[in-house]
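Below are the chains, spelled out letter by letter.
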Amino acid sequence: MADLSPQELRVLAAVADTGGFSAAGAALGLTQSAVSHSVRGSEAKVGAVLFERGRAGASPTPAGERAVALARRILRMYEVLGEEARGAGRDTVAGVLRIAAFRSAALHLLPPALDRLTARHPGIRPEVRVVRELGAGTAGEVAAGRADLGIATLNASGAGGATGATGTAATTRSVPAEAAAPGRLLTGVLREEAYALVHPAGHPDPKALPLLDWDENCGSYTRDWWRAQDWIPRATVKAEDDGMVLTMVGRGLGMAILPELSLREATDAVDITGLGPSGPVRRVGYVTTPESASTLAVRALIRELRAEES
């Protein structure tokens, strides 16, 4: 199979990002026919149809999804090559560092780590995207080549998944299979945090209150515990995020079960009650690709994230 050139990779990524050949051409400064010719050539080299064409535009096939994700990741390595070479042998690194994080991690875990990172390496320019932990979540952003590192909730089992970037079994956890494709992701646990019952301050019987919840809550690591609790009713309200849930609890609208990061925003309007040693615990960690894990910027950020939680 003939190799795809960087320009062919850029075309594949642009078609996927814009949803059509004409729009991709406009983004790249090419004609629609040039984009179409490039995609046909890439498909011939790969030996698979990469895009479904239709009146509404172009959408990646399953083969195209994988090809585009790998194309983004390869192009990212082209982008960082110069920064890596210039940083070799020096105690500094520069360039854009793309980070995906869920809301409470972006609010509470990243800022101090990024403060230290940019103080040590003023040339680093962090770009943070807040991503909901639904479906592929932040790990999916990394796998798809849209982020260099993600802050994610990690599965508790640790079975059959990625390899810990530190190389030690103690920090190895798996991410959802759909998030890890294409290729294996490297993960490391940054913190383990317990869930707690949060309820309006001074309420005499908080377990009798309606349950407030949000879609990202209760992952695979808490479902078994959740199902075994006969005192937890079905949620009567599903909010947009954990911050909204906490605000609603403070206004007396119900009780909720939230992890520690979410409770950092708690005010005097709520009380927090522990759920005991058998209560659910979630693991929060970083997710990156093997190629990004070797870059100076990602390694420096992981060091700062670990320092924050040590």
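Since the structure is predicted, the reported quantities are computational estimates derived from the model, not experimental observations.

Quick word on the overall build of the chain
Phase 1 of the analysis: Along its length, the chain carries 13 helices and 12 strands.
Phase 2 of the analysis: The buried share among the 310 residues of the chain stands at 49%.
Phase 3 of the analysis: Pairs at least 24 apart in sequence give 71% of the contacts found in the chain among residues at least 6 apart.
Phase 4 of the analysis: Put simply, the chain shows about 14500 Å² of open surface, and 53% of that area lies on carbon and sulfur atoms.

Quick word on the pattern of salt bridges
Phase 1 of the analysis: One pass over the full model with this rule turns up 22 salt bridges.
Phase 2 of the analysis: For Arg103, the salt bridge is made with Asp242, and the minimal N-O distance between the two is 2.8 Å. In this pair, Arg103 sits in helix H5 (residues 103-108) while Asp242 sits in helix H10 (residues 242-250), placing the two residues 139 residues apart along the sequence. Asp242 shares its class with Arg103; the two are buried.
Phase 3 of the analysis: Here Asp215 ties to Lys238 by a salt bridge, and the two come within 3.6 Å at their closest N and O atoms. Linking Asp215 in the loop between strand S8 (211-214) and helix H9 (223-227) with Lys238 in strand S9 (residues 235-239), this pair joins segments that are 23 residues apart in sequence.

Brief notes about the side chain of Ser38
Phase 1 of the analysis: Mapped onto the elements, Ser38 comes out in helix H3 (residues 32-46).
Phase 2 of the analysis: The buried category is assigned to Ser38, whose relative accessible area is 12%.
Phase 3 of the analysis: The residues contacting Ser38, other than those within four sequence positions of it, are Glu8 and Val11.

A closer look at the pairing of strand S7 (residues 186-200)
Phase 1 of the analysis: Burial analysis of S7 places 13 of its 15 residues in the buried class, which makes it a mostly covered element.
Phase 2 of the analysis: In the sheet, S7 pairs with strand S12 (residues 281-288) via 8 bridges, with the strands oriented antiparallel. When the sheet's bridge partners are listed, Ala194 is paired in S12 with Val281.
Phase 3 of the analysis: Pairing between S7 and strand S10 (residues 256-259): 4 bridges, direction antiparallel. Within the sheet, the bridge partner assigned to Ala196 lies in S10 and is Leu258.
Phase 4 of the analysis: Pairing analysis gives 5 bridges linking S7 to strand S11 (residues 270-274), with the strands arranged antiparallel. Bridging across to S11, Leu197 finds its partner in Thr273.

Quick word on empty space enclosed by the protein
Phase 1 of the analysis: Taken as a whole, this structure holds 2 cavities of 30 Å³ or more when the rule is applied.
Phase 2 of the analysis: Taken together, 14 residues form the lining of the largest cavity, with Phe102, Glu133, Trp214, Glu216 and Arg282 sitting closest to its centre.
Phase 3 of the analysis: Class assignment for the residues of the lining of the largest cavity results in 5 nonpolar, 4 polar and 5 charged.
Phase 4 of the analysis: The space that makes up the second largest cavity amounts to roughly 30 Å³.
Phase 5 of the analysis: Contributing to the lining of the second largest cavity are Arg73, Arg76, Arg98, Val142, Gly145, Ala147, Thr289, Glu291 and Ser292.
Phase 6 of the analysis: Counting only elements with at least two residues in the lining of the second largest cavity, the list comes to helix H4 (62-87) and helix H12 (290-293).
Phase 7 of the analysis: When grouped by side-chain class, the residues that make up the lining of the second largest cavity number 2 nonpolar, 3 polar and 4 charged.

Brief notes about the packing of helix H1 (residues 6-18) against H3
Phase 1 of the analysis: Closest axis-to-axis distance for the H1/H3 pair is 9 Å, and the angle between their directions is 110°. Between H1 and H3, the angle is such that the two are roughly perpendicular. Residue-level inspection shows Glu8, Val11, Leu12 and Val15 of H1 in contact with H3, the latter providing Val35, Ser38, Val39, Gly41, Ser42 and Lys45.
Phase 2 of the analysis: Considered class by class, the residues forming the contact of H1 with H3 number 5 nonpolar, 3 polar and 2 charged.

Some details on H10
Phase 1 of the analysis: If you check which residues of H10 are buried, you get Asp242, Gly243, Val245, Leu246, Met248 and Val249.
Phase 2 of the analysis: Capping of H10 at its N-terminal end is provided by Asp241; its side-chain oxygen lies 3.0 Å from the backbone amide nitrogen of Gly243.
Phase 3 of the analysis: Just beyond H10, the residue with positive phi is Gly252, at close to 85°.

Here's the deal with the pairing of S12
Phase 1 of the analysis: The element S12 is largely enclosed, with a buried count of 7 among its 8 residues.
Phase 2 of the analysis: When strand S5 (residues 149-154) meets S12, the two strands line up antiparallel, connected through 6 bridges. Bridging from a neighbouring strand, Leu154 pairs with Arg283 of S12.

What counts as what
Residues numbered from 1 in each chain as written. Predicted model: local features only at pLDDT ≥ 70, side-chain atom pairs only at ≥ 80, totals over all residues. Heavy atoms only, no water. Helix = DSSP H or I, 4+ residues; strand = E, 2+ residues; numbered from the N terminus. Buried < 20%, exposed > 50% of the residue type's maximum accessible area, 1.4 Å probe, protein only. Contact = heavy atoms within 4.5 Å. Areas by Shrake-Rupley, 256 points an atom, 1.4 Å probe, with all protein chains shown as cover. Salt bridge = Lys/Arg side-chain N within 4 Å of Asp/Glu carboxyl O. Pairing = 2+ DSSP bridges. 1 Å grid on protein atoms, 1.4 Å probe; cavity = no way out; pocket = protein on both sides within 12 Å on 5 of 7 lines; lining within 4 Å. Points joined across faces, edges and corners; volume = space filled by probe spheres on them. Nonpolar A, V, L, I, M, F, W, Y, C, P; charged D, E, K, R; others polar. Axes fitted to C-alpha atoms, helices over the stretch in contact; angles between N-to-C directions. Parallel < 35°, antiparallel > 145°, perpendicular 65-115°, else oblique. Polar contact = N/O pair within 3.5 Å; in protein donor to acceptor, adjacent residues only side chain to side chain.

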